[in-house]
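Working through the structure, step by step
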Amino acid sequence: MKKDSIGVLFLLIAIGWVSCMGESEEKTNYQRYGVAALQPAPALYTTDGEMEHIITSSAMDTLADLKDGDCFLLQFRANLFNYAEGEAVDADIHSIEPIAAWTLEGTEAQLPDTTFVNVAEDTALIRTVQFFSPAIAKSQLIRNRLFLQLTLNDRRETQQENYIFQYNPAVVAEQNGRRIYDLYLRAERREANDSLIGKWIQTEALVLDQLIREAGEAEKQIGNDSLHIRLNYPTGFSLDSTLVRWASANVYSIVL
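Summarised in this report is the structure supplied together with it. (Residues numbered from 1 in each chain as written. Predicted model: local features only at pLDDT ≥ 70, side-chain atom pairs only at ≥ 80, totals over all residues. Heavy atoms only, no water.)

A look at the overall build of the protein
Along its length, the protein carries two helices and 19 strands. Out of the 256 residues in the protein, the part that is buried amounts to 39%. Taking the intrachain contacts of the protein between residues at least 6 apart in sequence as the baseline, contacts between residues at least 24 apart amount to 70%. About 14,800 Å² of surface is accessible on the protein, with carbon and sulfur atoms providing 50% of the total. (Helix = DSSP H or I, 4+ residues; strand = E, 2+ residues; numbered from the N terminus. Buried < 20%, exposed > 50% of the residue type's maximum accessible area, 1.4 Å probe, protein only. Contact = heavy atoms within 4.5 Å. Areas by Shrake-Rupley, 256 points an atom, 1.4 Å probe, with all protein chains shown as cover.)

See below:
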């Protein structure tokens, strides 16, 4: 009787082990950000926050004018288990929504620019300013694109925004022994005629190719292993409504 019990026990363990193996082979649904790469074959790079995954799908053939570095919000089904980093995985893409990408521009101007809207000179300009707050702690960096959730203070249903993303490469702040590059993001909205819908959360992608390449190399040369950036953004008008107030998000570090 005892031998029969032991045999049953081992049988149950074996069944459970095979069952687990079967589960690891099954596909799972995911929602992630993705960045397109066309070489050596069209693919999308994604991440779970720790490991980068590369997925391929015939659905990419339907994307018109696809370019390297294009950004998307993806819903797909795939088996991402037991794949080594850098190995492409075939996926069933359910939806692929473009995300606007804004390239960081170098400037010699003094930043922040508190006078980009001067209501005293043109009261119509006040309606074109879009204030927002970034969720830097929730951001993800994929192939030098920083996916960033923004909460727009108020938004019209069909409006569009144009973001101006700048930094002065000659200015580097020193704080607690770290060299910090200040980046400045502001938005102008193209006014729509429909009604306000209140606060709105959306994702934008910030293109950091040049910054990571140039500033990253400068940091490596002086012995640093990380690039520290700080995002600055306008939060509202001054009390007399003639200037714009700015705020700073927490420092975000990129391992080089």
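Thoughts on the layout of surface pockets
Considered as a void within the structure, the largest pocket measures approximately 240 Å³ in volume. Looking at the largest pocket, it is lined by 13 residues, and the ones nearest its centre are R155, Q159, Q160, E161 and Q202. Put simply, the parts of the chain that give the lining of the largest pocket at least two residues each are β13 (160-167) and β16 (200-207). The element best represented in the lining of the largest pocket is β16, accounting for four residues. The residue makeup of the lining of the largest pocket, split by class, is four nonpolar, four polar and five charged. (1 Å grid on protein atoms, 1.4 Å probe; cavity = no way out; pocket = protein on both sides within 12 Å on 5 of 7 lines; lining within 4 Å. Points joined across faces, edges and corners; volume = space filled by probe spheres on them. Nonpolar A, V, L, I, M, F, W, Y, C, P; charged D, E, K, R; others polar.)

Observations concerning the packing of aromatic side chains
One pass over the structure, following the stated rule, counts seven aromatic pairs. With a centroid separation of 4.7 Å and 5° between ring planes, the pair formed by Y33 and F147 is classed as stacked. Highlighted residues: Y33 in strand β1 (residues 28-37) and F147 in strand β12 (residues 145-152), separated in sequence by 114 residues. We note that Y33, like F147, is buried. On the numbers, 5.9 Å between centres and 65° between planes, the contact of F132 with Y163 is edge-to-face. Here F132 is found in strand β10 (residues 132-134), whereas its partner Y163 is found in strand β13, with 31 residues between them in sequence. Of the two residues examined, F132 and Y163, each falls in the buried class. (Phe/Tyr/Trp six-rings, centres within 6.5 Å; stacked < 30°, edge-to-face > 60°.)

A look at the pattern of salt bridges
If charged atoms from side chains of opposite charge come close, those side chains can pair. Taken as a whole and judged by the stated rule, the model has eight salt bridges. The partner of R230 in a salt bridge is D182, with the nearest N and O atoms 2.7 Å apart. Here D182 lies in strand β15 (residues 178-190) and R230 lies in strand β17 (residues 226-237), a separation of 48 residues in the sequence. For R230, a relative accessible area of 14% translates into the label buried. A salt bridge links E188 to R186; the shortest N-O distance between them is 3.3 Å. R186 sits in the buried class, given a relative accessible area of 13%. (Salt bridge = Lys/Arg side-chain N within 4 Å of Asp/Glu carboxyl O.)

Re helix α2 (residues 209-221)
With 13 residues, α2 extends 18 Å from end C-alpha to end C-alpha; this agrees with the ideal 18 Å at 1.5 Å per step. Among all positions in α2, only L211, I212, A215, G216 and E219 are buried. In this structure, the buried side of α2 is in contact with β13, β15, β17 and β19 (252-255). (Expected span 1.5 Å × (residues − 1).)

Structural notes on the sheet that holds strand β3 (residues 52-56)
Strand order in the open sheet made by the six strands is β5-β3-β2-β1-β4-β6, with mixed pairing throughout. The two strands at the open ends of the sheet, each matched to only one other strand, are β5 (88-90) and β6 (92-99). Geometrically, the sheet is characterised by an average inter-axis angle of 40° between neighbouring strands, direction not taken into account. Alignment of strand β4 (residues 71-78) against β6, held across seven bridges, turns out to be antiparallel. The residue of β6 that forms the bridge with R77 is D92. (Pairing = 2+ DSSP bridges. Axes fitted to C-alpha atoms, helices over the stretch in contact; angles between N-to-C directions.)

A closer look at the side chain of R230
Polar side-chain contacts of R230 include one of 2.7 Å to the side chain of D182. Contacts of R230, omitting those with residues within four sequence positions, involve A173, Q175, I180, Y181, D182, L183, S248, A249 and V251. (Polar contact = N/O pair within 3.5 Å; in protein donor to acceptor, adjacent residues only side chain to side chain.)

This is a description of form; function is not addressed.
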